[in-house]
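Each chain, written out:
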Amino acid sequence: MHPEHHKPLFALSLFLSLILCVSSSHASNAAALKSQIRRFAPTTLTADTSRLSRGDQAALKKLIEASRIMDSIYLRQVWDGNVALLHRLERDKTRLGQLRLQYFLINMGPWSRLDHNAPFISGVPKRPEEANYYPPDMTKEEFTRWVATLTEDEQEKARGFFTTIRRDNDRHLMIVPYSTEYKELLEPAAQLLQEAASLTENASLKNYLTQRAKAFFSNNYYESDIAWMDLDSPLDVTIGPYEVYMDELFNYKAAFEAFITLRNDEETQKLENFSSYLQEIEDNLPIDPKYRNPKLGASAPIRVVDELYAGGEATPGVKTAAFNLPNDERITREKGSKRVMLKNVQEAKFNTILKPIAKVVVDPRQQSLIAFEPFFTHILAHELMHGLGPHTLTLNGRETTVRQEMKEIGSALEEAKADISSLFALQYLMDKGYIDKEKERQLYVTYLASMFRTVRFGLNDAHGKGMVLQFNYLVDKDGIVFDKSRRSYMVDFEKIKPAVRQLTGEIMTIQAEGNYDRAKTLLKRYSALPAEMQSLLKKLTTIPVDIQPMFPLAH
Ligand code: ZN
């Protein structure tokens, strides 16, 4: 639907699909499916729940049940044929049928996320950009024309997080709240949340679960998002409609997901120290001072947790290692946002994937610099940096947000911003002596290896698109250099620093100006994978692309 944006990326992703040993025409046979499935290394994810109170242990069971309902809602959100197809796959007891089912569950749909969403089940359509949020035959233009005819209040709902757009009997577009659209699933989910609320002794968890259960009925998520911001509990829970990536038309509509986790107090404390420098970093961002935020939202909490169960959008494809919520600007303006780091997920990924990748792509002279701590620190910084830089704008007297102005490329640009500005921020803290400068080289080299890890996820993902932009930019500025004789990349520690600073400034300035055209030009200019990177990616085919979690507590 936006060929000018997807065309260059499509060719690359097609190439990636080939080097990952999969082509859609052969994917229907068992061997191809097996090789697609093998890219996800089965990994047990759990944590010691014995320290939880008896009430919390009982609540945990209810919350895992509620998370399974998020799976069901999410399946419906992906595509209107998704649930019927799943039931058909479940009835097929052949070996091939079981492989199809297994890969369907990994992707939560019939499109392989690592292969530019190529279908792996014959007869299914192309993955809809509108997901199941809008009518399949609706164009962006029709939506925009229709929204202009609505009252201000209705316009907000039409573009809001928690509504779908359907056609009425006269084929006119209409707004349906999630509370109506998913009523038969949200009601039992709300029931389970209420039961969990009555079991836990923790007041803030009780409050969040109670408010969220109400929101499932009222479709008003404001109070429960506020309650989530104040949540401070050994059992840390995130459940409901959150991320907007799957709405590839507008990035407006939120997908249901759940993270049921156990708080890691020691790590959380470490990270809180770090966040005390955020205002100073904002005040020194490499942008026009008028674009800096003189007063960041105060006391935004950070949690480091271990994942016990994930549901809905948290399950398919590449697994979330950290997130930053809520997305609702009303709440981020008032209370900032909360970051949740899934430490056991990150460790599993580092050991299973990043270490073997580094052996292939990083110059042997720099391989000893690969380390978990800077990997973890960068992911932390990424989440923190989402909260810095421009968010709300006034353009020609009109109040708006970066998210609204950047539309469907907003996510890719925002992910690139969080990544690259994290390197900027960590360098700043090291230069000031706030954190250990000895880790400087480890940071950049580990980041280099992690860029390959992200690009392997596929370029249809916001993180993948954002990472290709960064990689090409850093190569363009000689911050990352390919060594022809060793057939591997290395970091130029002097040149990478100004390049990081420059790209941080470029992206944040685009966001501050709400300049959609300049954003498109930037993404397009740096969208092609270098040939050297492509040939190295070919050598990574036997390394898993991601983990496939198994949750023992769910059985
Ligand atoms: Zn991010």
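Every value quoted in this text rests on a predicted model; they were computed, and no experiment measured them. (Residues numbered from 1 in each chain as written. Predicted model: local features only at pLDDT ≥ 70, side-chain atom pairs only at ≥ 80, totals over all residues. Heavy atoms only, no water.)

### Thoughts on unusual backbone geometry
Glycine aside, negative phi is the norm for most residues, and most peptide bonds take the trans geometry. Following Leu 325, the chain continues into Pro 326 via a peptide bond in cis, with omega recorded as -5°. Summarising the element assignment, Pro 326 is placed in the loop between strand S9 (322–325) and helix H14 (329–335). The backbone of Asn 251 shows a phi angle near 55°, a positive value even though the residue is not glycine. With respect to the helices and strands, Asn 251 occurs in the loop between strand S6 (235–241) and strand S7 (256–263). Of the residues examined, Asn 251 reaches a relative accessible area of 4% and is grouped as buried. Located in the positive-phi region is Lys 407, a residue other than glycine, with phi close to 45°. Along the chain, Lys 407 falls in the loop between helix H17 (402–406) and helix H18 (410–431). Classification of Lys 407 by relative accessible area gives partly exposed; the value is 30%. (Helix = DSSP H or I, 4+ residues; strand = E, 2+ residues; numbered from the N terminus. Buried < 20%, exposed > 50% of the residue type's maximum accessible area, 1.4 Å probe, protein only.)

### Side note on the side chain of Thr 238
By the secondary structure assignment, Thr 238 is in strand S6. Classification of Thr 238 as buried rests on a relative accessible area of 1%. There is a polar contact of 3.0 Å between the side chain of Thr 238 and the side chain of Trp 228. When near neighbours in sequence (up to four residues on either side) are disregarded, Thr 238 contacts Tyr 208, Trp 228, Glu 257, Ala 258, Phe 259, Phe 323 and Leu 325. (Polar contact = N/O pair within 3.5 Å; in protein donor to acceptor, adjacent residues only side chain to side chain. Contact = heavy atoms within 4.5 Å.)

### Here's the deal with empty space enclosed by the protein
Throughout the structure, instances matching the rule amount to one cavity of 30 Å³ or more. Taken together, Phe 161, Phe 162, Asp 225, Pro 241, Tyr 242, Ala 254, Pro 326, Asn 327 and Asp 328 make up the lining of the largest cavity. When its residues are assigned to classes, the lining of the largest cavity shows six nonpolar, one polar and two charged. (1 Å grid on protein atoms, 1.4 Å probe; cavity = no way out; pocket = protein on both sides within 12 Å on 5 of 7 lines; lining within 4 Å. Points joined across faces, edges and corners; volume = space filled by probe spheres on them. Nonpolar A, V, L, I, M, F, W, Y, C, P; charged D, E, K, R; others polar.)

### Section: the domain arrangement of the chain
Here the chain is described as being made up of domain 1 (80–125) and domain 2 (181–554). Centre-to-centre separation of domain 1 and domain 2, based on C-alpha positions: 29 Å. Of the roughly 760 Å² buried between domain 1 and domain 2, counting both surfaces, carbon and sulfur atoms make up 57%. For the domain 1 face of the interface with domain 2, the top three residues by lost area are Ile 106, Arg 113 and Leu 114, together amounting to 66%. For the pair domain 1 and domain 2, the interface holds zero salt bridges. Where domain 1 packs against domain 2, one counts one residue pair in polar contact (both at pLDDT 80 or more). Taken together, the residues of the side of domain 1 that touches domain 2 break down into three nonpolar, three polar and one charged. (Domains from an automatic or database assignment. Buried area = accessible area lost by both parts, 1.4 Å probe. Salt bridge = Lys/Arg side-chain N within 4 Å of Asp/Glu carboxyl O.)

### Looking at the coordination of the zinc ion
Angles at a metal have ideal values that depend on geometry: 109.5 degrees with four tetrahedral donors, 90 or 180 degrees with six octahedral donors. Protein ligation of the zinc ion involves His 382 (NE2), His 386 (NE2) and Glu 415 (OE), the donor distances falling in the range 2.1 Å. Between consecutive donor residues of the zinc ion, the sequence gaps follow H-x3-H-x28-E. Taken together, the residues span a long stretch of sequence, with His 382 in helix H16 (residues 372–386) and Glu 415 in helix H18 at a distance of 33 residues. The buried category is assigned to Glu 415, whose relative accessible area is 3%. (Donors = N, O, S within 2.8 Å, 3.2 Å for Na, K, Ca; no water.)

### Re the environment of Leu 192
Mapped onto the fold, Leu 192 is located in helix H9 (residues 183–199). The sequence separation of Leu 192 and Gly 505 amounts to 313 residues, and the corresponding C-alpha distance is 46 Å. When residues no more than four places from it in sequence are discounted, the contact partners of Leu 192 are Lys 62, Glu 65, Ala 66 and Ile 69.

### Re the pattern of salt bridges
Under the criterion given, the structure shown has 36 salt bridges. Between Arg 263 and Asp 265 there is a salt bridge, and its shortest N-O distance comes to 2.6 Å. Overlapping salt bridges bring together Asp 232, Asp 236, Arg 263, Asp 265 and Arg 303 as one network.

### Looking at the layout of surface pockets
Its volume calculated, the second largest pocket comes out at about 1,300 Å³. Lining of the second largest pocket is provided by 39 residues; of these, Gln 155, Glu 156, Arg 159, Gly 160 and Gln 404 occupy positions nearest its centre. Only helix H6 (140–148), helix H7 (152–158), strand S5 (173–177), H14, strand S12 (398–401) and H17 provide two or more residues apiece to the lining of the second largest pocket. Classifying every residue of the lining of the second largest pocket gives twelve nonpolar, twelve polar and 15 charged.

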